[in-house]
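In case you want the letters, here they are:
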Protein chains: 2
Amino acid sequence: MKVRIHVSLKPGVLDPQGRAVHHALEGLGFEGVEDVRIGRTVDMKVADDTTDAALDDMCQKLLANMVIENYRIEKLENAA
Amino acid sequence: MKVRIHVSLKPGVLDPQGRAVHHALEGLGFEGVEDVRIGRTVDMKVADDTTDAALDDMCQKLLANMVIENYRIEKLENAA
């Protein structure tokens, strides 16, 4: 099955990459941008019998930094 | 309004970061992972009168590298 993990910075955590993009958009002349925050997605193809607990475990051990990031697991397709 | 831009590598483009994550997951003992690809999201708060054309323009000029990446614009919330 295909799963997509969304990893985003927790609210309140500074996002220098987002600030840089915000600044660059203004520099390019785009108006009305109020806030920019960058996250990442991890698209995985995993065995159909992969449990939710295993996916959580992957996120907490490797894919997200739990101190400053949140994650959300989305199942895109399930052959089961 | 809030918009979320999803940027992902085009199919066929090598994803070294995804390979590294895949390898690391295997190293941690997770089985059944077949493929990993990394993308990013840009969450923006923009003025309500921002046009779709302007959003496309932002993606093509700055947020995505059109040679190797695709993007998708998702509107999360519209106060209009």
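Before any of the text, the structure's been laid out above.
Residues numbered from 1 in each chain as written. Chains lettered and ligands numbered in written order. Predicted model: local features only at pLDDT ≥ 70, side-chain atom pairs only at ≥ 80, totals over all residues. Heavy atoms only, no water.

Trainee: How would you explain the interface of chain A and chain B if you had to name every residue and give the values?
Mentor: Each partner contributes residues to the interface: chain A has 30 residues there, and chain B has 30 residues. Between chain A and chain B, a total of about 2,500 Å² is buried, with carbon and sulfur atoms accounting for 66% of that surface. When the area that chain A buries against chain B is broken down by residue, the three leading residues are F30, K45 and L62 of chain A, summing to 20%. At the boundary of chain A and chain B, one finds zero salt bridges. One can count 10 residue pairs in polar contact (both at pLDDT 80 or more) joining chain A with chain B. For the side of chain A that touches chain B, the elements supplying multiple residues, two or more each, are β1 (2–9), α1 (16–27), β2 (33–46) and α2 (52–63) of chain A. If one sorts the elements of the side of chain A that touches chain B by residue count, β2 of chain A sits on top with 14 residues. (Contact = heavy atoms within 4.5 Å. Buried area = accessible area lost by both parts, 1.4 Å probe. Salt bridge = Lys/Arg side-chain N within 4 Å of Asp/Glu carboxyl O. Polar contact = N/O pair within 3.5 Å; in protein donor to acceptor, adjacent residues only side chain to side chain. Helix = DSSP H or I, 4+ residues; strand = E, 2+ residues; numbered from the N terminus.)

Trainee: Can you explain the side chain of E69 of chain A? Please cite residues and give values.
Mentor: Mapped onto the elements, E69 of chain A comes out in strand β3 (residues 69–77). Separated by 3.0 Å, the side chains of E69 of chain A and R40 of chain A make a polar contact.

Trainee: Just give me the short version of the nonpolar core, but keep the residues and values in it.
Mentor: Among the nonpolar cores identified, the biggest contains 19 residues, and L25 and V36 of chain A together with I5, V42, M44, M58 and L63 of chain B are the most heavily contacted of them. Looking at this core, the elements that each hand over two or more residues are α1 and β2 of chain A together with β1 (2–9), β2 (33–46) and α2 (52–63) of chain B. When residues of this core are assigned to their parent elements, the largest contribution, four residues, is made by α2 of chain B. Core analysis: the second largest hydrophobic core is formed by 18 residues, V42, V46 and L63 of chain A together with I38 of chain B among them. (Core = buried A, V, L, I, M, F, W, Y, C linked by side-chain atoms within 4.5 Å. Buried < 20%, exposed > 50% of the residue type's maximum accessible area, 1.4 Å probe, protein only.)

Trainee: So what about the relation of the copies chain A and chain B? Which residues, and what values?
Mentor: For the match of chain A to chain B, the screw axis carries a shift of 0.0 Å, the RMSD comes to 0.0 Å, and the turn is 180 degrees. When the rotation and shift are considered jointly, the pair of chain copies conforms to a two-fold rotation axis. Rotation axis and chain A: the residue whose C-alpha lies nearest the axis is R40 of chain A, separated from it by 1.9 Å. An overlap of 100% is found between the interface residues of chain A and their copies at the interface of chain B, pointing to a shared contact surface. (Least-squares fit on C-alpha atoms with pLDDT ≥ 70 in both.)

Trainee: Any details on the pattern of salt bridges? Residues and values, ideally.
Mentor: By the definition in use, this model includes eight salt bridges over all chains. Salt-bridge contacts for K61 of chain A lead to D57 of chain A; the nearest nitrogen and oxygen are separated by 3.4 Å. One end of the pair, K61 of chain A, and the other, D57 of chain A, are both in helix α2, four residues apart, so they sit about a helical turn from each other. Between R40 of chain B and E69 of chain B there is a salt bridge, and its shortest N-O distance comes to 3.0 Å. Here E69 of chain B lies in strand β3 (residues 69–77) and R40 of chain B lies in strand β2, a separation of 29 residues in the sequence. Relative accessible area serves as the criterion here: at 26%, R40 of chain B is assigned to the partly exposed category. Owing to a relative accessible area of 10%, E69 of chain B belongs among the buried residues under this scheme.

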